[in-house]
Amino acid sequence: MDIYEKLKEMGLTLPGRPAKGGIYQPVVQAGNLLYVSGQGATRDGAAVVTGYVGGDVTVEEGREAARLCTLNALSCLEAYTGDLRRVRRLIKTLGFVQSAPGFHGQPGVIDAASELLCQLFGEERGVGARSAVSCNELPGSTSVEIEFIFELEA
Amino acid sequence: MDIYEKLKEMGLTLPGRPAKGGIYQPVVQAGNLLYVSGQGATRDGAAVVTGYVGGDVTVEEGREAARLCTLNALSCLEAYTGDLRRVRRLIKTLGFVQSAPGFHGQPGVIDAASELLCQLFGEERGVGARSAVSCNELPGSTSVEIEFIFELEA
Amino acid sequence: MDIYEKLKEMGLTLPGRPAKGGIYQPVVQAGNLLYVSGQGATRDGAAVVTGYVGGDVTVEEGREAARLCTLNALSCLEAYTGDLRRVRRLIKTLGFVQSAPGFHGQPGVIDAASELLCQLFGEERGVGARSAVSCNELPGSTSVEIEFIFELEA
């Protein structure tokens, strides 16, 4: 099954390419690495999950935010590559969780992004290096922001 | 117009190479990528913009901080390459804004760095991937810290 | 002296490979770059230094945390490469210090990691680009989390 079949099987559709919040490119290629700009928990340009995980936002809501960031990244990658099947594997994830005081469960939140990529790309290609950290505040109060590095087919 | 002519036209001069705050190199090359260490809002070694954006520091002051970080990065790149015209393009920006509680405008602050690089390198080469996030505290209370990846000419 | 002799001389032993806190790989290789996932201040799976630097955690304790992160990274690199002597040089360090309000000494904390790598790999190969920033909260309340990029021998 390719990634489009997997998305369909999981009942997921890619969101529209996320609105840009400034002067940057959604994806930049260097060699065969694809740097994906930080993605927030939006859908078709509208904020979906905002607030502080561990405070007014539950861990499960934070995990949904992480999934939205990931789908936005895939939407950007599709726009850049023309075909997600050209994306060979995940290299690295850097996830920022907008965290309420005393919340220390960032890895469990970012894991929802990692789990989704593992399901879509498979264990061989969908599991990368990762850091899961916090921010006290994030743009538009998105609960999660994630940037990725992927590898394009050779 | 090359980057030196652009700097002159914009009335900008590169600051002296920023003082190092520890055991690291300002620029490290891997392949043709140039990793630039996190730069703060200093000029010739002295802190210029300190404090919390959205609190005691306005967004416009934060934007000036972002420009200073960028000029410091260019100063480091010039010292490394000997000639900024050898820097081919921007790959990626990771910007940290020291943010007061409830401030969610990080992209607008980091955009001042992105705008400057776009003006200096042009739209084709000066717009990279980007993440704009926050920190609760930054070194020396600099209002902004930014790290960059650039590409050296082949 | 190779890195194993240096470790011995310094009285250091590599910890067991740190327990994974989610769906990621400790090390991912892209070209000859090795991306090391964010490491916390644990030893053999147990949290060693937790809390907020500048608050309930002193700078010296924070520096010990940074050293533990570094040793964990080396443990991951040894597991990946089979032999740390195959790791050619440090490219980049991104260090997050869980910081108490008003603490601005992140570089001094992360410097303990940089110093250790400089001692182990030597000045030519052990000093990379670096950013030292803060988080308001880190996973499991580790006082420091650090991710690294190293270069593998050609």
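The structure presented is a predicted model; accordingly, all values stated were derived computationally and were not measured.

Criteria and thresholds
Residues numbered from 1 in each chain as written. Chains lettered and ligands numbered in written order. Predicted model: local features only at pLDDT ≥ 70, side-chain atom pairs only at ≥ 80, totals over all residues. Heavy atoms only, no water. Contact = heavy atoms within 4.5 Å. Buried area = accessible area lost by both parts, 1.4 Å probe. Salt bridge = Lys/Arg side-chain N within 4 Å of Asp/Glu carboxyl O. Polar contact = N/O pair within 3.5 Å; in protein donor to acceptor, adjacent residues only side chain to side chain. Helix = DSSP H or I, 4+ residues; strand = E, 2+ residues; numbered from the N terminus. Least-squares fit on C-alpha atoms with pLDDT ≥ 70 in both. UniProt positions renumbered as here; feature names shortened; annotations may be inferred. Buried < 20%, exposed > 50% of the residue type's maximum accessible area, 1.4 Å probe, protein only.

This brings us to the interface of chain A and chain C. In this complex, chain A contributes 31 residues to the contact, which on the side of chain C involves 24 residues. Counting the surface lost from both chain A and chain C, the interface buries some 2,000 Å², and carbon and sulfur atoms represent 56% of this. When the buried surface of chain A facing chain C is broken down by residue, His104(A), Val127(A) and Arg130(A) rank first, second and third, together holding 25% of it. In this assembly, chain A and chain C are joined by one salt bridge. With a shortest N-O distance of 3.0 Å, Lys92(A) and Glu147(C) are connected by a salt bridge. Put simply, chain A and chain C have 20 residue pairs in polar contact (both at pLDDT 80 or more) between them. Within the residue set of the side of chain A that touches chain C, elements represented by two or more residues are strand S2 (33–40), strand S5 (87–98), helix H3 (106–121), strand S6 (129–135) and strand S7 (144–152) of chain A. Of all the elements, S6(A) adds the most residues to the side of chain A that touches chain C, at seven residues.

Glancing now at the relation of the copies chain A and chain C. Relative to chain C, chain A is turned by 120 degrees and slid 0.0 Å along the rotation axis, the superposed coordinates differing by an RMSD of 0.0 Å. The transformation just described matches what one would write down for a three-fold rotation axis. Interface overlap between copies: only 16% of the residues of chain A at the interface are likewise at the interface in chain C, consistent with a contact formed by different surfaces.

Turning to the UniProt feature "domain: Endoribonuclease L-PSP/chorismate mutase-like" (unreviewed entry) in chain A, a few remarks are in order. Under the feature "domain: Endoribonuclease L-PSP/chorismate mutase-like" (unreviewed entry), the UniProt entry names residues 7–124 of chain A. Within residues 7–124 of chain A, the helical portion is 36% and the strand portion 24%, while the C-alpha atoms at the span's ends are 18 Å from each other.

Glancing now at the pattern of salt bridges. Opposite charge on two side chains permits pairing when their charged atoms draw close. Under the definition given, this model contains 33 salt bridges over all chains. Arg86(B) serves as the salt-bridge partner of Glu153(B), at 3.0 Å between the closest nitrogen and oxygen. In this pair, Glu153(B) sits in the segment after strand S7 (144–152) while Arg86(B) sits in the loop between helix H2 (59–81) and strand S5 (87–98), placing the two residues 67 residues apart along the sequence. Look at Arg86(B) and you get partly exposed, because its relative accessible area is 30%. A salt bridge links Glu64(C) to Arg67(C); its shortest N-O distance comes to 3.1 Å. Placement of the pair is Glu64(C) and Arg67(C) together in helix H2 (residues 59–81), with a separation of three residues, close to one helical turn. One connected set of salt bridges, linked through shared partners, spans Glu60(A), Arg63(A), Glu64(A), Arg67(A) and Glu115(A).

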